[in-house]
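Notes for the structure review
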Amino acid sequence: MKKFAALVTTVLVMAVSGMCFAAGDGTDLNKQQRAVDKFVAVLNAADTTGFAQLSGDFAPDLQQKVDAAAFGALQKQVKERLGNQKEMKFVAYERFDQGDRLTYLCSYSREKMVRIIYGFDKNNKMIEFVFAPLEVQEKK
C-alpha cells in the first residue's frame, strides 16, 4: 500500500509540474494566435482601416517593410490569386531558440489548400508571413 501511495504521489507531482512548464508556452501561443486572428480579419476586410491597429503586432523590421499601401497591395493580390477565404485551421506550433512559428491550412475560393506560416520573435511580435499554395491531388 505504501508503494502504491508513493507511485500515485509521484505521478501527480509529474503531471502538475508538466502543466506548469506548458503554461508559458500556452500564454505565448494565445498571444500569437490573437495576432494571427487580427491579421486575417484585416486581410479579409474590404479596406485597410484596421491596419494601424494590426501593425502594433509587427516587429520593427516588418513594420518598415509593410506599410498600409503594401498591405493594401497584399490584400488585392490575395483576392486575385487565391480568392475569398473559406476555412482556416491551425495545424502546428513550433518553438525555436530565436522565435516561434504557427502554421495554418486554409482553403480559398480559387485555391483548395494554402499553407500560411506566421513567424514570431521572442517578444511575440510578427516577423514574417508566408502564403504557400499546395497541390491537392484528387481521388480517382
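For the structure given in this document, a descriptive report is provided here. Keep in mind it's a predicted model, so treat the numbers as computed, not measured.

Parameters and conventions
Throughout this description, residue numbers start from 1 for each chain and increase along the sequence as written. Note on the predicted model: pLDDT of at least 70 is required for a residue's local features to be given, and 80 or more for side-chain atom pairs to be given and counted; whole-chain, interface and lining totals, by contrast, use all residues. The basis for the side-chain values is all heavy atoms of the structure; hydrogens and waters are excluded. Under the scheme used here, helices are H or I runs from DSSP no shorter than 4 residues and strands are E runs no shorter than 2 residues, and both carry numbers assigned from the N terminus. Burial here depends on accessible area, computed with a 1.4 Å probe over protein chains only, as a share of the maximum for the residue type. Under 20% is buried, over 50% is exposed, and the range in between is partly exposed. Polar contact is defined as a pair of N or O atoms within 3.5 Å, subject to the rule that within protein one atom must be able to donate a hydrogen and the other to accept it, and that residues adjacent in sequence are counted only when both atoms are side-chain atoms. Whether two residues are in contact is decided by their heavy atoms, any of which lying within 4.5 Å being enough. We define a salt bridge as a side-chain nitrogen of Lys or Arg found within 4 Å of a carboxyl oxygen belonging to Asp or Glu. Strands were regarded as paired on the criterion that DSSP finds at least two bridges between them. Pairing of aromatic side chains here covers Phe, Tyr and the six-membered ring of Trp, requires ring centres within 6.5 Å, and sorts the geometry by plane angle: under 30 degrees stacked, over 60 edge-to-face, intermediate tilted. Each axis is a line fitted through C-alpha atoms, and for a helix only the stretch in contact is used; angles between axes span 0 to 180 degrees, taken between their N-to-C directions.

You can see Asn124 is positioned in the loop between strand 3 (114-121) and strand 4 (126-133). A residue is classified by how much of its surface remains accessible, and Asn124, at 12% relative accessible area, is buried. Side-chain polar atoms of Asn124 contact the side chain of Asp28, separated by 3.2 Å. At 2.8 Å, the side chain of Asn124 and the side chain of Gln32 are in polar contact. Apart from residues no more than four positions distant in its own chain, Asn124 is found in contact with Asp28, Lys31, Gln32, Asp57 and Asp100.

One pass over the structure, following the stated rule, counts 5 salt bridges. Between Lys38 and Asp57 there is a salt bridge, and its shortest N-O distance comes to 2.9 Å. In this pair, Lys38 is assigned in helix 1 (residues 2-44) and Asp57 in the loop between helix 2 (51-54) and helix 3 (60-65), connecting sequence segments 19 residues apart. On the basis of relative accessibility, which here comes to 27%, the residue Lys38 falls in the partly exposed class.

Let us look at the pairing of strand 4. Judged from the 7 bridges that link them, strand 3 and strand 4 form a sheet pairing that is antiparallel. Looking across to strand 4, one finds that Phe120 is bridged to Met126. A loop of 4 residues connects strand 3 with strand 4, the two strands running antiparallel in sequence, and Asn124 in this loop sits at a positive phi of about 60 degrees.

The tally for this structure, following the rule as stated, stands at 8 aromatic pairs. Pairing Phe39 with Tyr118 gives two aromatic rings, centres 5.4 Å apart and planes at 75 degrees, and the pair type is edge-to-face. Of the two residues, Phe39 is situated in helix 1 and Tyr118 in strand 3; the sequence distance between them amounts to 79 residues. For Phe39, a relative accessible area of 0% translates into the label buried.

A few words on the sheet that holds strand 3. Taken together, the 4 strands give an open sheet; going across it, the order is 1-2-3-4, and neighbouring strands pair in antiparallel fashion. Two strands lie at the open edges of the sheet, namely strand 1 (85-95) and strand 4, each paired on one side alone. Geometrically, the sheet is characterised by an average inter-axis angle of 20 degrees between neighbouring strands, direction not taken into account. Alignment of strand 2 (residues 99-108) against strand 3, held across 8 bridges, turns out to be antiparallel. Each residue of the ladder has a partner; that of Tyr104, found in strand 3, is Ile116.

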